[in-house]
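# Geometric and topological summary
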Amino acid sequence: MIKKKILIVEDDAVIALNIKSILEEKGYEICAIATSADEAIDAAVQQIPDLILIDILLRGGKDGIDAAEEIKGKIDSPVIYVTAFSDEKTLDRLKKTGPYGYITKPISSTELLFMVSIALYRHESEKKISSVEKRHKDLFASMHNGYANCKMIYDTDGAPVDWIFLEVNRAFEDITGLKRENVIDKRATEAIPGIERDAPELFEIYGRMAITGEENNFVIYLDAFNKWLSINAYSPEKGYFIIVFQDITEKKRAKDELVLTNRILDAFITLPDDKVYEELLKITLKAMESEYGIIGYFTHEGSYVVPALSRTIFWEKCMVADKEFVFDHDNFMGIWSRVIDERKTIIINSGPFDLPEGHVALDNTIITPLIHKGKIISTIHLANKKTGYHERDRQLLEMIAKNIAPVLGARLERDRKEEKLIREDELLRASLREKEILLTEIHHRVKNNLQIISSLIQLQAGKLKDETSRESFKICENRVRSMAMIHERIYRSKDFSSINFGEYLRELAGEIYESNGVSQKEILCSIEAGDVSMNVHKAIPCGLLVTELLTNSLKHGFPGNTKGEINIALGKDSAGNYSLTVRDNGISIPEKLDLKQTGTLGLLLVEALVKQLNGSIRVTADRGTKSEITFPE
C-alpha cells in the first residue's frame, strides 16, 4: 500500500516535529517541512503531496492563507489549516480558500489524525464522484440505459390512475430486477407492488406529460428497487410516453455522504461547543426527514447529557424546562438500554408508543450509538418519519454517526482533560496559598526575632557606662535594624522574592540618621535609586553595606556638628550589574586605604559584604570620601 504524502508548513520546529511524529506513527509519509509561504509553494509543486497541513501565521510577507491560495492555482492537493487563530475575520478568509479542515492549537493527536483521514477521504470521494460522472457518460454513449415504452391509463374524469408497460429492454431488467415476462402488458401497479403508495408523483408526472407532450428530467428514490434513478421521460404521441433511466444510487449516496460530511465538519470547525449539538441535530433531522430528535453524550459516570433537543426547532410542547438535562444511568430502559447493550442501530415502526404524560406522540423511531475507541460516547435518537424508517435510513444514520463520532470523541476527551487540568490548577493554587501563608508567617517570625535581638541590644546598651561601648552597641543595633527593615518590606510586599530597594534606602537612611542623632538639616542626605528592585539574597548584604558606609560618614566625615551632604546612588547597567555609590563631602579618608588592614570592624564588614556579593569596591578621597561598589544581579 502506497503511503500518503503530507507536506507540513509550520515555522515552529517543535510543533512541526510533533505533528510529523504523530503522522509517521500512523503510517503517513512526511514529504517535506516548510517554514515559510514561499518554501511551502516550492515544496508543494515539487512533491505534489496528497495533503498539506499549513499554519496561518508564517515568517515573511505571506501568511498560510496566501500560500494556500497560490498552491491551489498550481496543484490539486487538499489543505488543512493548523493555527491558534480562531477570530471571525481569519475564519472568513480561510473559508474562501476551500480548506478541507481547520485544527486549533493546542493540537489533539486524535483530532489531527481524524481531520487528516477525513480530508484524504473527502478528496478521494470528490475524485470518485468525478470519475463516476465520466463513467456514466461513457456508458450512456456506448450502451443502452433502462428503457420502457408505456401507455397511460386515465379514469372517466381524465385523472391518471396507472400505466401499462408495452416494451422494456435488458437494462430495464438489470436495473429494476424485474423480468420482462412479468412486466410486458402489465399495469405498473401489478408489476411494481406499492408503487402508487411510494411514488404517487410518478402518476402525475407521466399523466400530464402523456397529454401535453412536455419532456421531464428528474431524480427519484423508489423503495421497490431500493435505488435512486435519474429519469428522462418524453411523449412520442398523445396517451403514450417513454422513459429512459439510469441507476445513480452509488453516485447519489457518495454525493449525499460528501455533503453531510462537509456540513458536519463545518459545524465542528465554525461553531462553539455550545452550538455544535444543535446544529448537528438540525443536519440529521433534515437528512433523515424526521420530526423529532435528541443528540447527547455519556459522562464518565454513565449518565446521558442532552445539550440538543429538537423542541428548539419543532417541539414547543416539551415539559422539560431546561434546554440541557441529564438522564441518570440508573434510569436507562427500553430502546436506550437495548442500544447500549446490543451496540447497534434499532428501528421500531410499531407506534404510537406508551409515553409519559406531556410527551409528544411518537409513531416510529430509530436510534444509533456513536462509538469511539470501542466505547459508546453518544447516541442519535430520531422519531416520526412520515414513511417510517427502513434499511436506507439505517445506512444513512450510521454514516452520519460514523462521521460525528471521531470529532465528538476528541472533543469530549479534550473537555475531560481540561476539567482535570482545572481541578489540578485549583489544587496547585490552594497549595500555593498555603505556602504563601507559611512564608508570610516565617517572615513575620524572622522580623519579630530581629526586633527581640534589637531590643536586647538596646537594653544591654542602657546598662553600659562606657560611651565607646554604648556606641558599639548602637552600631550593632543599626545593623540588626537594616535586616529587620528588609523583612518588614518583604512581609508587606506581594512579591516575596524581591523588594523595591530605592524605597528601602530612603527608610534606612532615616533610621540611621535618627539613631545617630543627626538632622538632615545639618547633613543633607540625597538618594538616587528610582524603583530599582533587588532579590532578598542581595538586599540583606547590600543593606548592611549602606548601613556601614552611611554610619561611617556620619561619625567620621563631619566632626563637631560640621554641615555637609551625603549622596547615595543605586542603579543597573545594560548587563544587569548593580552600581552602588556612597559619597560625602566631609573629611576625606586616608589615601591608599586598605580595608583589610584598617582594624575597624565596620570597614572589615564592608570588605566581607562586598565579597559576599561577588562584587568589587573602590574607595577614593576627593573633597570627601567616595565608595563605589559594583556587583552582579
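A quick note: this is a predicted structure, and the numbers were derived from the prediction, not measured.

### Side note on the nonpolar core
- Counting 77 residues, the largest nonpolar core has Leu-23 and Val-116 as the members making the most contacts within it.
- The dominant element in this core, judged by the number of residues it contributes, is helix 13 (residues 391-463), at 10 residues.
- Residues contacting Val-116, with those up to four places away along its chain left out, are Ile-6, Leu-23, Tyr-28, Leu-51, Leu-53 and Ile-80.

### A look at the packing of helix 15 (residues 501-515) against helix 16 (residues 536-557)
- Axis separation between helix 15 and helix 16 bottoms out at 10 Å; the angle between their running directions is 40°. Of the two possible hands of crossing, helix 15 and helix 16 adopt the one that is right-handed. Within the contact between the two elements, helix 15 uses Phe-501, Tyr-504, Leu-505, Leu-508, Ala-509, Ile-512 and Tyr-513 and helix 16 uses Ala-539, Cys-542, Gly-543, Val-546, Thr-547, Leu-550, Thr-551 and Leu-554.
- Partitioning the contact of helix 15 with helix 16 into residue classes produces 12 nonpolar, 3 polar and no charged.

### As for the sheet that holds strand 2 (residues 29-34)
- Taken in spatial order, the 5 strands make up an open sheet running 2-1-3-4-5, and their pairing is parallel. Of all the strands in the sheet, the pair left with one neighbour each is strand 2 and strand 5 (101-104). Direction aside, the axes of adjacent strands within the sheet are offset by 20° on average.

### Structural notes on unusual backbone geometry
- Here Asp-185, not a glycine, exhibits a phi torsion of approximately 65°, which is positive.
- With respect to the element layout, Asp-185 can be found in the loop between helix 6 (170-176) and helix 7 (188-191).
- The phi dihedral of Asn-614 falls on the positive side, at around 55°, and the residue is not glycine.
- Tracing the sequence through the fold places Asn-614 in the loop between helix 17 (601-612) and strand 22 (616-621).
- According to the relative accessible area criterion, Asn-614 is exposed, its value standing at 58%.

### Considering the pairing of strand 7 (residues 160-168)
- With 7 bridges joining them, strand 6 (residues 146-154) and strand 7 adopt antiparallel strand pairing. By the bridge assignment for strand 7, Met-152 is matched with Trp-163.
- Connecting the antiparallel pair strand 6 and strand 7 is a turn made up of 5 residues, with Gly-158 showing a positive phi of about 85°.

### Concerning the confidence of the model for the chain
- For the chain, per-residue confidence averages 79 on the pLDDT scale, and residues scoring 70 or more make up 80% of the total.
- Residue range residues 136-143 is modelled with pLDDT below 50. Its contacts to residues more than four positions away, or to other chains, number 5 contacts.
- For the stretch residues 310-326, pLDDT sits under 50, and the model shows 40 contacts to residues farther than four places along the chain or on other chains.

### Focus: helix 16
- In this model, helix 16 (22 residues) spans 30 Å end to end at C-alpha, consistent with the 32 Å of a helix rising 1.5 Å per residue.
- Across the 22 residues that make up helix 16, a large majority, 17, are buried.
- Here helix 16 starts with a cap whose side-chain oxygen sits 3.0 Å from the backbone nitrogen of His-537, and that cap is Asn-535.

### Quick word on the environment of Ala-267
- Within the secondary structure layout, Ala-267 lies in helix 10 (residues 249-270).
- On a C-alpha basis, the gap between Ala-267 and Glu-279 in space is 6.6 Å, while along the polypeptide they are 12 residues apart.
- Once you skip the residues sitting within four places of it in the chain, Ala-267 turns out to touch Val-276, Glu-279 and Leu-280.

### Let's talk about the packing of helix 10 against helix 11 (residues 273-288)
- With their axes 9 Å apart at the nearest point, helix 10 and helix 11 run at an angle of 165° to one another. Taken together, the axes of helix 10 and helix 11 lie roughly antiparallel to each other. Once helix 10 is placed against helix 11, the crossing between them reads as right-handed. Along the contact surface, helix 10 presents Leu-260, Arg-263, Ile-264, Ala-267 and Phe-268, while helix 11 presents Val-276, Glu-279, Leu-280, Ile-283, Lys-286 and Ala-287.
- Tallied by class, the residues present in the contact of helix 10 with helix 11 amount to 8 nonpolar, no polar and 3 charged.

### Considerations on the pairing of strand 20 (residues 564-572)
- Sheet topology note: the strand 18 (residues 523-528)/strand 20 ladder contains 6 bridges and is parallel. Bridged to Leu-524 within strand 20 is Glu-565.
- Two strands pair when backbone bridges link them, and strand 20 and strand 21 (residues 578-584) are joined in this way by 7 bridges, in the antiparallel orientation. For Ile-568, the partnering residue across the bridge sits in strand 21 and is Val-582.

Analysis parameters
- Residues numbered from 1 in each chain as written.
- Predicted model: local features only at pLDDT ≥ 70, side-chain atom pairs only at ≥ 80, totals over all residues.
- Heavy atoms only, no water.
- Core = buried A, V, L, I, M, F, W, Y, C linked by side-chain atoms within 4.5 Å.
- Buried < 20%, exposed > 50% of the residue type's maximum accessible area, 1.4 Å probe, protein only.
- Helix = DSSP H or I, 4+ residues; strand = E, 2+ residues; numbered from the N terminus.
- Contact = heavy atoms within 4.5 Å.
- Axes fitted to C-alpha atoms, helices over the stretch in contact; angles between N-to-C directions.
- Left-handed = near helix turned anticlockwise from the far one by under 90°.
- Nonpolar A, V, L, I, M, F, W, Y, C, P; charged D, E, K, R; others polar.
- Pairing = 2+ DSSP bridges.
- pLDDT = per-residue confidence, 0-100.
- Expected span 1.5 Å × (residues − 1).
- Polar contact = N/O pair within 3.5 Å; in protein donor to acceptor, adjacent residues only side chain to side chain.
- Parallel < 35°, antiparallel > 145°, perpendicular 65-115°, else oblique.

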